There are 2 protein chains.
Amino acid sequence: MNNQTIETILNHKSIRKYTNEPITKEQIHTIVQAAQQASTSSYYQAYNIIGITDPTIKKELSLISGQSYVENNGHLFIFCANLNRFLLKTDESFKEKITENLMNTEHFLVATIDASLAAQNAAIAAESMGLGICYIGSLRNNIAKVDQLLNLPPFVIPLFGMTIGYPDQEPERKPRLPIEAVYSENSYPQNNEETEKYIDEFNEILGAYYENRTENNRSDTWTDQLHRKLSKPVREDVTTYVKSKGFNKK
Amino acid sequence: MNNQTIETILNHKSIRKYTNEPITKEQIHTIVQAAQQASTSSYYQAYNIIGITDPTIKKELSLISGQSYVENNGHLFIFCANLNRFLLKTDESFKEKITENLMNTEHFLVATIDASLAAQNAAIAAESMGLGICYIGSLRNNIAKVDQLLNLPPFVIPLFGMTIGYPDQEPERKPRLPIEAVYSENSYPQNNEETEKYIDEFNEILGAYYENRTENNRSDTWTDQLHRKLSKPVREDVTTYVKSKGFNKK
């Protein structure tokens, strides 16, 4: 049943090392067009995309993320949730009213989901052209600094970056949780023991993957990774930053 | 430069009327697999998908959304943000600590983005098979009721649905904002007048689209639509519901 598109989707691997071959303006245009054609809640198109070509800004963003490939790639996109455009073309009193209505969690969700659907279209479009991509959530290590670097107005926040380029590595495809742990019918699975069994199964598969993979092989499981990461608070400042931009305030 | 995948992405139109031809279990399996292969923040896979086959639940969800095609389709998926799996396989004291760390906006973002990337992979995979899809944000008209119907535990919330099926309509492709209003380089556009010019341009294109389209043609613009929708508060209860599930609390 698999066609070329499904093959592209199933073969996704995050690429963290790129050749020097540049991405053309035409490729960037096609990727952004693909992003724009994604579904959008109430036709709001509540996101914007910023491409980074300035080496100084790229360097700064790479320092925030701690990842060298944020600097070294074919192109770098930043995807922002954006409700700011709704405040244009209004008089002051209507603007106040709209601003008030945009502050709830519903609109924070709408803009985050819109931006994410657009981003995934961009990712698939890029991969279908033989490019590799990597999402950069680590820009949220210092989200207020990213905001400053990109001159973001109220109701615009950077959610994540995406590096794009011709792959200069061939990582193995990373396994996923067993489908039974992710997909159920008519109800959330009520039996935690069963889900734990699937997680055990996944830990075994993943253990073998980590032991055998070509680069950076180690002894690890999914559960151990989660527990290490979640044992300390992370990015607590995202909460106040998001509210400071008008999102998620009430 | 366009390949089959990019054609699929650029031809997206939301489908709201489906034939009676059923979707096979194999198709559902492939679509969920495609969803699972999307990028995931810190490998968290912080989402789950519930397929609805029970006609009673489908009917209830269709009443919540106010859309008949939520009942009448080839298949209905609900995409949930899910941090609950992180609380399995832990002892009580570690569980408390993790719970505390999961409550911030950062983790609410992580799970919402993960679920959305997975959903868009599902959408593209389905469309590449000749199926049509429509996102169902209107499940958030009564998000607490959806939660009840699907027996969702703490740290699992329904974000949106997706209807899938063989199209029984051929809507025109809906225009998008000019690329210049969505994509900029190195900085957010600092000139609002320029963005307003692009919105004016879009309002004209969209006005013509609404006047000429085959079904439900009318006189309207993007700005007018936005202003109508945003002039009153919507889904204010989403804020408290989300917090009641542990998300976005601090």
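- For chain A, the name recorded in an unreviewed UniProt entry is FMN reductase (NADPH), with Salirhabdus euzebyi as its organism.
- Here chain A is described in UniProt, under the heading Sequence similarities (unreviewed entry), as follows: "Belongs to the flavin oxidoreductase frp family."

**Observations regarding the relation of the copies chain A and chain B**
So, point 1. Once chain A has been moved 0.0 Å along the axis and rotated by 180°, it coincides with chain B to within an RMSD of 0.0 Å. Here the two chains are linked by the operation of a two-fold rotation axis. No C-alpha of chain A lies nearer the rotation axis than that of T5 of chain A, which sits 2.5 Å from it.
So, point 2. Take the interface residues of chain A: 100% of them recur as interface residues in chain B, which is what a same-surface contact looks like.

**Examining the sheet that holds strand β2 (residues 75-82) of chain A**
So, point 1. Strands sit in the order β3(A)-β4(A)-β2(A)-β1(A)-β5(B) across an open sheet of 5 strands; the sheet is mixed. Both outer strands of the open sheet, β3 (132-136) of chain A together with β5 (183-185) of chain B, are each paired with one neighbouring strand and no more. The sheet shows a mean angle of 25° between the axes of neighbouring strands, direction not considered.
So, point 2. Pairing between strand β1 (residues 47-52) of chain A and β2 of chain A: 6 bridges, direction antiparallel. Directly across from I52 of chain A, in β2 of chain A, lies its bridge partner L76 of chain A.

**What to know about the pairing of strand β2 (residues 75-82) of chain B**
Residue and element names in this part refer to chain B.
So, point 1. Burial analysis of β2 places 8 of its 8 residues in the buried class, which makes it a mostly covered element.
So, point 2. Of the two faces of β2, the one lined by H75, F77, F79 and A81 and the one lined by L76, I78, C80 and N82 are each fully buried.
So, point 3. Pairing analysis gives 8 bridges linking β2 to strand β4 (residues 156-165), with the strands arranged antiparallel. Bridging across to β4, A81 finds its partner in I157.

Rules used throughout
- Residues numbered from 1 in each chain as written.
- Chains lettered and ligands numbered in written order.
- Predicted model: local features only at pLDDT ≥ 70, side-chain atom pairs only at ≥ 80, totals over all residues.
- Heavy atoms only, no water.
- UniProt positions renumbered as here; feature names shortened; annotations may be inferred.
- Least-squares fit on C-alpha atoms with pLDDT ≥ 70 in both.
- Contact = heavy atoms within 4.5 Å.
- Pairing = 2+ DSSP bridges.
- Helix = DSSP H or I, 4+ residues; strand = E, 2+ residues; numbered from the N terminus.
- Axes fitted to C-alpha atoms, helices over the stretch in contact; angles between N-to-C directions.
- Buried < 20%, exposed > 50% of the residue type's maximum accessible area, 1.4 Å probe, protein only.

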